[in-house]
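# Coordinate analysis (summary)
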Amino acid sequence: MTACAFLFPGQASQAVGMGRDIYREYPVAREIFDRADEILGFSLTGLCFCGPEEELRQTIFTQPAVFVHSVAAWHVLAAAGIEPACVAGHSLGEYSALVAARVLEFEEALKLVERRSQFMQLAGAERPGGMVAVLGLEDQRVEEICRQGAGSGIAVAANFNAPGQVAVSGDMAALERVGELAREAGAKRVIPLEVSGAFHSPLMEPAAREMTSLLEAARLYSPQRPVITNVAARPVEEVEDLRRHLIAQITHPVRWSESVQCMARMGVECAAEVGPGAVLKGLVRRIERDLQVMEAGTVEGLGNARSDLQGDG
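Bear in mind that the values here come from a model prediction, so they are computed numbers and not experimental data.

For the rest of this paragraph, the subject is the overall build of the chain. Check the secondary structure of the chain and you find 14 helices and 10 strands. Expressed as lengths along the three principal axes of its C-alpha atoms, the size of the chain is roughly 55 × 45 × 35 Å. Out of the 313 residues in the chain, the part that is buried amounts to 56%. For the chain, restricting intrachain contacts to residue pairs at least 6 apart in sequence, the fraction spanning at least 24 positions comes to 76%. Taken as two groups, the 29 positive and 41 negative side-chain charges of the chain have centres that lie 2 Å from each other.

Have a look at this one:
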């Protein structure tokens, strides 16, 4: 049997129309979207399906939307008896991964995601910051540049997404300096990202403090399959470690390249991106070229994934 990982996307994977086709096609997906509307007290479904786009891009709506779509798509695969060899999620996607590993129940996870999105948006408003993608430099070089640019404020490597692709997060003045230094060092491009705050940096500390009490009170169960966390970039089995990592990931970098490399070492041969978009598919191809990646967030993608993975582990 083919060892396949389920990967769950994070913020920036959203798009108007997301989930509409699987809502219509699969009753199990429809149930998840409808339950989300009841839990949240507003029509997340309407926002996902019809927009407006500028509202869907707001962190307070983006995070629940991507989470719900991902969990709905996962339920389609689970209902077909398809289980992953391991799971991982990019940033917000870690909550989807924990639902798929049966660590968190859907309702509790959605409430946590809702609060996380609110706290992160508020932290971004109270201390404005941003993120830039630095392309074409090695990870260590980007980290050195962040230290050099820190005289203008906080600047840290926030997402190690793929070789030659690192997102830097921090104060706007520091990011401007980082951009200058990166170009001088030979970066191919420095791209400002459309985000509402300096995610995965110390500027998110207020959000981490708020989430701490909620996560400490949340009920987590032992994972039924390996969960590779953003903070550790390796499988984490202990419930209390998973809890700590959910808190830490708000202010710590997403070690995505290392996470994918870890999967390959575990014998994973393929991966399914379970949720909207294909951002992770592109990253994985740059990290581990031999690892086959399929999209599993649309009716067509889920149909193909079910056909390819039916009966596999």
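Taken as a whole, the largest pocket spans an internal volume of roughly 600 Å³. In terms of lining, the largest pocket is formed by 27 residues, of which the most central are Gln11, Ala12, Asn159, Leu193 and Val195. Elements represented by at least two residues in the lining of the largest pocket include exactly α7 (106–126), β3 (130–135), β4 (155–162), β5 (165–170) and α13 (279–287). Looking at the lining of the largest pocket, its residues break down into 13 nonpolar, 11 polar and three charged. Taken as a whole, the second largest pocket holds about 160 Å³ of empty space. His69, Pro276, Gly277, Gly297 and Thr298 are the residues nearest the centre of the second largest pocket, which is lined by 16 residues in total. For the lining of the second largest pocket, the class distribution of residues is five nonpolar, eight polar and three charged.

Turning next to the side chain of Gln63. Checked against the element boundaries, Gln63 lands in helix α5 (residues 59–79). On the basis of relative accessibility, which here comes to 1%, the residue Gln63 falls in the buried class. Side chain to side chain, Gln63 and Arg116 meet in a polar contact 2.9 Å long. Leave out the neighbours within four places in its chain, and Gln63 touches Gln11, Leu92, Val113, Arg116, Ser117 and Met120.

Contact geometry of helix α6 (residues 93–100) with helix α11 (residues 239–248) gives a least axis separation of 11 Å together with a crossing angle of 160 degrees. One finds that α6 runs roughly antiparallel with respect to α11. The two elements α6 and α11 cross, and the hand of that crossing is left-handed. For the pair α6 and α11, the contacting residues are Glu94, Tyr95 and Leu98 in the first and Leu242, His245 and Leu246 in the second. For the contact of α6 with α11, the residue count by class is four nonpolar, one polar and one charged.

Moving on to the pairing of strand β9 (residues 270–273). Regular strands place side chains that alternate from one sheet face to the opposite one. Here β9 shows two buried faces, one formed by Cys270 and Ala272 and the other by Ala271 and Glu273. In the sheet, strand β1 (residues 4–8) pairs with β9 via four bridges, with the strands oriented parallel. The residue bridging Cys4 from the neighbouring strand is Cys270, located in β9. Bridge analysis of β9 against strand β10 (residues 292–295) gives four bridges, and the strand direction is parallel. Residue pairing in the sheet places Ala271 in a bridge with Val293 of β10. A crossover links β9 with its parallel partner β10, the connecting element being α13, and its sense is right-handed.

A few words on the nonpolar core. Membership of the largest hydrophobic core comes to 75 residues, with the highest contact counts inside it found for Phe6, Phe67, Val68, Tyr95 and Val274. Here the element with the most residues in this core is α5; it accounts for 11 residues. Aside from chain neighbours lying at most four places away, what touches Tyr95 is Phe67, Leu104, Ala109, Leu112, Val113, Arg116, Met211, Leu215 and Leu246.

Right, let's talk about the sheet that holds strand β8 (residues 235–236) for a bit. A sheet is described by the order of its strands in space; here six strands give the open sequence β8-β7-β2-β1-β9-β10, paired in mixed fashion. Unpaired on one side and paired on the other, β8 and β10 mark the two borders of the sheet.

Here we take up the sheet that holds β4. The strand order across the open sheet built from four strands is β4-β5-β3-β6, with neighbouring strands paired in antiparallel fashion. Taken across any chain shown, the strands that pair with only one partner, and hence form the sheet edges, are β4 and β6 (189–192). When the angles between neighbouring strand axes are averaged without regard to direction, this sheet yields 25 degrees. Across the sheet, α13 lies against β4 and β5, angled at about 80 degrees from β4, the strand it touches most.

This part covers the side chain of Asn161. Along the chain, Asn161 turns up in strand β4. According to the relative accessible area criterion, Asn161 is buried, its value standing at 9%. A polar atom in the side chain of Asn161 sits 2.8 Å from the side chain of His90.

Calculation criteria
Counting restarts for each chain: residues are numbered from 1 in the order of the written sequence. With the structure being a predicted model, the display of local features is reserved for residues of pLDDT at least 70 and the display and counting of side-chain atom pairs for 80 or more, all residues being used for whole-chain, interface and lining totals. Computation of side-chain values: all heavy atoms of the structure, hydrogens and water removed. A helix here means a DSSP run of H or I that spans at least four residues, while a strand means a run of E at least two residues long, and both kinds are numbered starting from the N terminus. When a residue's accessible area, from a 1.4 Å probe over protein chains only, is under 20% of the maximum for its type it is buried; when over 50% it is exposed; and in between it is partly exposed. Throughout, a contact is declared for two residues whenever any of their heavy atoms are within 4.5 Å. Asp and Glu count as negative and Lys and Arg as positive, but His and the ends of the chain are not part of the count. Each charge is placed at NZ for Lys, CZ for Arg, CG for Asp and CD for Glu. Cavities and pockets are defined on a 1 Å grid built over the protein atoms alone: a cavity is a set of grid points where a 1.4 Å probe fits but cannot escape, while a pocket is an open set with protein on both sides within 12 Å along at least five of seven lines, and lining residues are those with an atom within 4 Å of any such point. Grid points are joined across faces, edges and corners, and a volume is the space filled by probe spheres set on the points. Any residue that is not Ala, Val, Leu, Ile, Met, Phe, Trp, Tyr, Cys, Pro, Asp, Glu, Lys or Arg is counted as polar, Gly included; the first ten are nonpolar and the last four charged. Identification of polar contacts relies on pairs of N or O atoms within 3.5 Å, with a donor-acceptor requirement for protein atoms, meaning one able to donate a hydrogen and the other able to accept it, and with residues adjacent in sequence counted only if both atoms are side-chain atoms. The axes used here are C-alpha line fits, helices contributing only the stretch in contact, and every angle between their N-to-C directions lies in the interval 0 to 180 degrees. For classification purposes, angles smaller than 35 degrees are called roughly parallel, those larger than 145 roughly antiparallel, those between 65 and 115 roughly perpendicular, and all remaining angles oblique. A crossing counts as left-handed when the near helix is turned anticlockwise from the far one by less than a right angle, and as right-handed when that turn is clockwise. Strands pair, by our definition, only if DSSP identifies at least two bridges between them. By convention, orient the strands away from the viewer: a clockwise path from the first strand over the helix to the second makes the crossover right-handed. Side-chain atoms within 4.5 Å are what join buried Ala, Val, Leu, Ile, Met, Phe, Trp, Tyr and Cys residues into a set we call a nonpolar core.

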